[in-house]
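# Architecture and fold: a report
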Amino acid sequence: MTGKRRDATATRQALLDAARIRFTRYGYDRTTTRDVAADAGVNIALIKRYFGSKEGLFKAAIADAPRSLGGAAGVPPDRAAFAEALSRQLSAGAWPEFGEHPVLMLLRPSADDQVDELRRRALREFTQQVLDATGGPDDPERVLRAELLVALGVGVAVIRSAAGLQPLSSATAPELAGPLRAVVDALLGDDVVPRADQSRPR
């Protein structure tokens, strides 16, 4: 029974991985369940078994995005390690199997409120990963700053995909590491003042 359970888990994950690649490259409408099953090397009927439908598969792929993009190493232990990990994720050619950064899957248009909520939940999880890696309290000021950092990462992916702006589009991880470390420190360094302690204009 354990072996069967492990095979089912591996098959489900293989379908998720194949779906994420297809949805990132081609979007929802141009992705077919037949293609996803073929890429995963399994029978198309297993998509119905594990996900119910193409829509269910898409929702599961979105929900799985924070874990898959976080990598096997998990959340980096500090700001320096986080900036280094971010530079690798945002560097040119970092995701050759996708053709472009897989976070773009979260930006695909949808008329489904549940899908939109899953997108927001995934982005909130990315924000929490930033907060966990950089330390400090999760007060509104730090959450806002973490969201700005997530937006920066998404913006890099969009510009590289849509505009090919240079030198950003071809920047390597070592080239990005310094600037990204400066941004991370500026937004979420130890000297960040909580919103509650700031004087507000009258």
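I will try to describe carefully the structure that is included in this document. (Residues numbered from 1 in each chain as written. Predicted model: local features only at pLDDT ≥ 70, side-chain atom pairs only at ≥ 80, totals over all residues. Heavy atoms only, no water.)

### Some remarks on the layout of surface pockets
Of the voids in this model, the second largest pocket is the one considered here, and its volume is about 160 Å³. Sorting elements by how many residues they give to the lining of the second largest pocket places helix α8 (residues 140-162) first, with three residues. Within the lining of the second largest pocket, the residues separate by chemical class into five nonpolar, six polar and two charged. (1 Å grid on protein atoms, 1.4 Å probe; cavity = no way out; pocket = protein on both sides within 12 Å on 5 of 7 lines; lining within 4 Å. Points joined across faces, edges and corners; volume = space filled by probe spheres on them. Helix = DSSP H or I, 4+ residues; strand = E, 2+ residues; numbered from the N terminus. Nonpolar A, V, L, I, M, F, W, Y, C, P; charged D, E, K, R; others polar.)

### A few points about unusual backbone geometry
Across the junction of Gln166 and Pro167, the peptide omega takes the value 10°, indicating a cis bond. Position of Pro167 relative to the elements: it lies in the loop between α8 and α9 (173-188).

### With respect to the environment of Ala177
Checked against the element boundaries, Ala177 lands in helix α9. The exposure class of Ala177 is partly exposed, given its relative accessible area of 27%. Considering only alpha carbons, one finds Ala177 and Phe82, 95 residues apart in sequence, at a separation of 9.9 Å. (Buried < 20%, exposed > 50% of the residue type's maximum accessible area, 1.4 Å probe, protein only.)

Function cannot be inferred from these measures alone, as they are strictly geometric.
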